[in-house]
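Working through the structure, step by step
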Amino acid sequence: MTTSYFSVRSPLVLLAVLGLVSCQSTTPPDRFVMADRDGNGFLNADEVSDFYVGGVFDARDTNKDGKITKAEWNPEMGAAESRDFDRHDANGDGVVTREEAMAWARKGGTYAAVVKEADTNKDGLVSRDEAMAYFASKE
Ligand SMILES: [Ca+2]
Ligand SMILES: [Ca+2]
Ligand SMILES: [Ca+2]
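**So, the overall build of the protein chain**
- Counting secondary structure elements, the protein chain contains eight helices and four strands.
- Secondary structure elements of the protein chain, listed N to C terminal, follow the sequence α-α-β-α-β-α-α-β-α-α-β-α.
- A buried classification covers 38% of the 139 residues belonging to the protein chain.
- Long-range contacts, defined here as pairs at least 24 residues apart, represent 59% of the contacts in the protein chain between residues at least 6 apart.
- Of the roughly 7600 Å² of accessible surface on the protein chain, 55% is carried by carbon and sulfur atoms.

In structure tokens:
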């Protein structure tokens, strides 16, 4: 698995992102529904990947222009971080767009392993029940 800025650091990260189990009492936006862009009631690996990367991206894109500069990525960037940034910058224009970040995470299969583990009936998709069971098992 490719490690990157947008990698899953632990399944608990995904738990926090999707927030399916722990945050019910405060009636947050339903993150499962938010992640399920085509609204079919299931999450595929791309939807999970895009949802998480989108959240990280928005947090780092401090001026909200849809692009992350090196300064936004990491103001104290060293050589290794700089190379990591350049790998995400597919067209080499010096900024990483949301699309570039999402494409990178999809290609790296960062979330495929999580989806595979959560997908207990092996249909390639994570249902709400599967997601809740998966997150409950990680708590
Ligand atoms: Ca879907
Ligand atoms: Ca770029
Ligand atoms: Ca499934």
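**Examining the environment of Thr62**
- Among the structural elements, Thr62 can be located in the loop between helix H3 (45-60) and strand E2 (67-68).
- Considered as a pair, Thr62 and Glu72 are ten residues apart in the sequence and their alpha carbons are 6.7 Å apart.

**Points about the nonpolar core**
- If you look at the biggest cluster of nonpolar residues, it comprises 24 residues, and the most contacted ones within it are Leu43, Val53 and Val126.
- Sorting the residues of this core by element identifies helix H2 (31-35), H3, helix H6 (98-108), helix H7 (112-118) and helix H8 (128-138) as the ones contributing at least two each.
- Top contributing element to this core by residue count: H3, with six residues.

**Examining helix H5 (residues 79-88)**
- Every buried residue of H5 is accounted for by Ser82, Asp84, Phe85 and His88. The buried residues of H5 occupy an angular sector of 160° when the element is viewed end-on, so they sit on one face. Facing away from the buried side of H5 by over 90 degrees, the exposed positions are Ala79 and Arg83.
- Buried residues in H5 make contact with E2, helix H4 (70-73), strand E3 (96-97) and H6.

**What to know about the coordination of the calcium ion (ligand 3)**
- Protein coordination at the calcium ion (ligand 3): the donors are Asp119 (OD), Asn121 (OD1), Asp123 (OD), Leu125 (O), Glu130 (OE) and Glu130 (OE), at 2.3 to 2.5 Å from the metal.
- Coordination geometry of the calcium ion (ligand 3): the six donor atoms subtend angles of 54 to 156° at the metal centre, consistent with an arrangement described as irregular.
- Look at where the donors of the calcium ion (ligand 3) fall in the sequence and you get D-x1-N-x1-D-x1-L-x4-E.

Parameters at a glance
- Residues numbered from 1 in each chain as written.
- Chains lettered and ligands numbered in written order.
- Predicted model: local features only at pLDDT ≥ 70, side-chain atom pairs only at ≥ 80, totals over all residues.
- Heavy atoms only, no water.
- Helix = DSSP H or I, 4+ residues; strand = E, 2+ residues; numbered from the N terminus.
- Buried < 20%, exposed > 50% of the residue type's maximum accessible area, 1.4 Å probe, protein only.
- Contact = heavy atoms within 4.5 Å.
- Areas by Shrake-Rupley, 256 points an atom, 1.4 Å probe, with all protein chains shown as cover.
- Core = buried A, V, L, I, M, F, W, Y, C linked by side-chain atoms within 4.5 Å.
- Arc of directions from axis to C-beta.
- Donors = N, O, S within 2.8 Å, 3.2 Å for Na, K, Ca; no water.
- Tetrahedral: all angles 85-135°; square planar, octahedral: opposite > 155°, others 65-115°.

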